Amino acid sequence: RKEVEQDPGPFNVPEGATVAFNCTYSNSASQSFFWYRQDCRKEPKLLMSVYSSGNEDGRFTAQLNRASQYISLLIRDSKLSDSATYLCVVIYPASGGYNKLIFGAGTRLAVHP
Amino acid sequence: DTAVSQTPKYLVTQMGNDKSIKCEQNLGHDTMYWYKQDSKKFLKIMFSYNNKELIINETVPNRFSPKSPDKAHLNLHINSLELGDSAVYFCASSHRLRNTEAFFGQGTRLTVV
């Protein structure tokens, strides 16, 4: 089983739609969770952190379910500019007391007019 | 005042050559990473250094040798380049103890011909 799994998509949605992505992780000792966004031929950039209580940033809402070991990202009122690949990132403890940042394969979102 | 910078941005070279990619961060982070993103867009961790010490080595061929002269720099040297090494290589940095997100460089697009 992969350490972090995402549906690769693509998700093709019209402008204004609401779209949700899920991500599951295998290591129950995972400590921190993030959603990153990657545009074509660019580096990944942090979109938002994911807290246990859930968090919202404008049109974006992230949720964490530790019991089921998944995180989600909800995008409301999709814009053309939301078209990108969304990467789920999990930090969990590796050997020697260090942490490992593991990326999911990413979910592609294409928003069309 | 780029936070994580890597050079070169593009690298085209012939099979069998040796090449290096450099990375520098000015964020005061203590942990740096190399990731490889292949044609399928999957971001896979290769190495992680903390305060110049190698802490993660993810089954990468010996032809890849990272070097960290200080905690602000992490370079990647690749010997005897192969066609399969063609990918985008991303450098990233983070704070180990704070479990915070990683910041990425712009990537180096390596093409081996």
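Analysis parameters
- Residues take numbers from 1 onward in each chain, read along the sequence in its written order.
- By the order in which they are written, chains take letters starting at A while ligands take numbers starting at 1.
- Local features in this predicted model are restricted to residues whose pLDDT is 70 or higher, and side-chain atom pairs enter the listing and the counts only when it is 80 or higher, whereas totals over whole chains, interfaces and linings include all residues.
- Note that water and hydrogens are dropped before the side-chain values are worked out from all heavy atoms of the structure.
- The contact rule is simple, with two residues in contact once any of their heavy atoms fall within 4.5 Å.
- The term buried area denotes the loss of accessible surface (1.4 Å probe radius) that occurs when two parts are joined, taken as the sum for both partners.
- Put simply, a salt bridge is a Lys or Arg side-chain nitrogen that is within 4 Å of an Asp or Glu carboxyl oxygen.
- Here a polar contact is taken to be a pair of N or O atoms separated by no more than 3.5 Å, where protein atoms must pair a possible hydrogen donor with a possible acceptor and residues adjacent in sequence count only if both atoms sit in side chains.
- For two strands to be treated as a pair, DSSP must find no fewer than two bridges joining them.
- Secondary structure elements are defined from DSSP: runs of H or I of at least 4 residues count as helices, runs of E of at least 2 residues count as strands, and each element is numbered from the N terminus.
- Axes here refer to lines fitted to C-alpha atoms; in helices the fit is confined to the stretch in contact. Angles between the N-to-C directions go from 0 to 180 degrees.
- For our purposes a nonpolar core is just a set of buried Ala, Val, Leu, Ile, Met, Phe, Trp, Tyr and Cys residues, chained together by side-chain atoms within 4.5 Å.
- Burial here depends on accessible area, computed with a 1.4 Å probe over protein chains only, as a share of the maximum for the residue type. Under 20% is buried, over 50% is exposed, and the range in between is partly exposed.
- Criterion for a disulfide: a pair of cysteine sulfur atoms within 2.5 Å.

Chemist: How should the interface of chain A and chain B be read in this particular structure?
Modeler: Many analyses report the size of an interface as the accessible area lost when the parts associate. Counting residues at the interface gives 21 residues for chain A and 22 residues for chain B. Ranking the residues of chain A by area buried against chain B places Tyr98(A), Leu101(A) and Phe103(A) at the top, with a combined share of 30%. Between the two partners, chain A and chain B, sit one salt bridge. Note that Glu58(B) is salt-bridged to Lys100(A), the shortest N-O span being 2.9 Å. The interface formed by chain A and chain B includes four residue pairs in polar contact (both at pLDDT 80 or more).

Chemist: Sorry, what's going on with the sheet that holds strand 8 (residues 73-78) of chain B here?
Modeler: All names here are of chain B. With antiparallel pairing, four strands are arranged side by side in an open sheet as 1-3-8-7. Because the sheet does not close on itself, it has two edges, and the strands there are strand 1 (4-7) and strand 7 (64-70). The sheet shows a mean angle of 15° between the axes of neighbouring strands, taken without regard to direction. When strand 3 (residues 19-25) meets strand 8, the two strands line up antiparallel, connected through four bridges. Paired with Lys19 across the strands is Ile78, a residue of strand 8.

Chemist: I keep staring at the nonpolar core and nothing clicks. Help me out?
Modeler: Soluble globular proteins tend to pack their nonpolar side chains together in the buried interior. Ranked by size, the top nonpolar core spans 44 residues in total, and within it Trp35(A), Ile71(A), Tyr86(A) and Tyr35(B) carry the most contacts. Tallying contributions element by element places strand 9 (residues 84-93) of chain A first for this core, with eight residues. Ignoring any residue separated from it by four or fewer positions in sequence, one finds Ile71(A) in contact with Phe21(A), Asn22(A), Cys23(A), Tyr25(A), Phe33(A), Phe34(A), Trp35(A), Val50(A), Gln63(A), Leu64(A) and Cys88(A). If you look at the next biggest cluster of nonpolar residues, it comprises 20 residues, including Met32(B), Phe64(B), Ile78(B) and Ala87(B).

Chemist: Help me out: how do you make sense of the pattern of salt bridges in this one?
Modeler: Oppositely charged side chains are able to pair whenever their charged atoms sit close together. All names here are of chain B. What the rule picks out here adds up to seven salt bridges over all chains. A salt bridge links Glu82 to Arg63, with the shortest nitrogen-to-oxygen separation between them at 3.4 Å. Of this pair, Glu82 sits in the loop between strand 8 and strand 9 (87-94) while Arg63 sits in the loop between strand 6 (53-57) and strand 7, and the two are 19 residues apart along the sequence. A relative accessible area of 40% means that Glu82 is categorised as partly exposed. Connected through shared salt-bridge partners, Arg63, Glu82 and Asp85 make up one network.

Chemist: Where do I start with the state of the cysteines in this structure?
Modeler: When the sulfur atoms of two cysteines share a covalent bond, that bond is a disulfide. Enumeration according to the criterion identifies two disulfides over all chains in this entry. Cys23(A) shares a disulfide with Cys88(A); S-S distance 1.9 Å. The disulfide joining Cys23(A) to Cys88(A) has a torsion of about -70° about its S-S bond and is therefore left-handed. Of this pair, Cys23(A) sits in strand 3 (residues 19-25) while Cys88(A) sits in strand 9, and the two are 65 residues apart along the sequence. Taken as a pair, Cys23(A) and Cys88(A) share a single burial class, namely buried. Here Cys23(B) is linked by a disulfide to Cys91(B), with a sulfur-sulfur distance of 1.8 Å. In this structure the cystine formed by Cys23(B) and Cys91(B) twists about its S-S bond by roughly -75°; its chirality is therefore left-handed. In this pair, Cys23(B) sits in strand 3 while Cys91(B) sits in strand 9, placing the two residues 68 residues apart along the sequence. Judged by its relative accessible area of 0%, Cys91(B) falls in the buried class.

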